[in-house]
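Commentary on secondary and tertiary structure
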Amino acid sequence: MENENIYRQEKIEKYRQAVSGLFRYIPWLEQKMGEKLVHNYSGDNVPDKSIPIPVYDSTLLGFVKDMQRTGLVDRNYVYVYSRYRIRSEKDELLLINQVELKEIEVIFAIMAKYVIGGMTKGRLWSMAVENGVFLQGLKRLREILEIWDGPLA
């Protein structure tokens, strides 16, 4: 029992240190949920044959970079999707809300799909804000860590 408590505290502290800076994005994500956060820039006074360039919201780019800095964005997220039979956005949101401390990595796996996938398909970043995956993930992380370790800033 003693070892289990020590392990739990170490796990909580690891995640608390890694994600505490991300919680500042929650109000922004709540405000932007359902909105498209990318638009195409095709240039002014440029012929019609130019390639449009996607332009992303700077806060969204900051969030993605902060997620990457946590060190918890795992490229093996596809195994979590397979293990939990996640097939849709609805499945992702449902699972996020059911996760407890012992499966907290599931939240990071779901968010990793969008963070990593957005590197090649930038629309995924915007999609995660629109459908609420980033918001629900952060809210659930905060909730889990508060349950086990008291209120977070």
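Cut-offs and rules
- Every chain's residues receive numbers from 1 upward, in the order its sequence appears when written.
- In keeping with the model being predicted, local features are shown solely for residues with a pLDDT of at least 70 and side-chain atom pairs are shown and tallied solely at 80 or more, while totals for entire chains, interfaces and linings include all residues.
- As a convention, hydrogens and water are excluded, and side-chain values are obtained from all of the structure's heavy atoms.
- What counts as a helix is a DSSP run of H or I of at least four residues, what counts as a strand is a run of E of at least two, and both are numbered from the N terminus.
- Relative accessible area decides the class of each residue, using a 1.4 Å probe on protein chains only: under 20% of the type maximum gives buried, over 50% gives exposed, and in between gives partly exposed.
- Contact definition: two residues touch when any of their heavy atoms are within 4.5 Å.
- Methods summary: accessible areas were calculated by the Shrake-Rupley approach with a probe of 1.4 Å, and residue burial reflects only the protein chains presented.
- Each salt bridge in this description consists of a side-chain nitrogen of Lys or Arg and a carboxyl oxygen of Asp or Glu lying within 4 Å of one another.

**Digging into the overall build of the protein**
- Secondary structure summary: the protein contains eight helices and two strands in total.
- Listing every helix and strand of the protein by position from the N terminus yields α-α-β-β-α-α-α-α-α-α.
- Burial statistics for the protein: of 153 residues in total, 40% are counted as buried.
- Long-range pairs, those at least 24 residues apart, make up 70% of the contacts in the protein between residues at least 6 apart in sequence.
- Of the roughly 9,300 Å² that the protein leaves accessible, carbon and sulfur atoms contribute 51%.

**Let's talk about unusual backbone geometry**
- Backbone geometry at Arg85 places phi at a positive 55°, although glycine is not the residue there.
- Note that Arg85 resides in the loop between α4 (77-83) and α5 (89-98).

**Topic: the pattern of salt bridges**
- All told, the structure shown has nine salt bridges when counted by the stated rule.
- Residue Glu143 is joined to Arg140 by a salt bridge in which the shortest nitrogen-to-oxygen separation is 2.3 Å. Of this pair, Glu143 and Arg140 are both found in helix α8 (residues 133-149), three residues apart, which corresponds to roughly one turn of the helix.
- Among the charged side chains, a network of salt bridges with common partners joins Arg24, Asp66 and Arg69.

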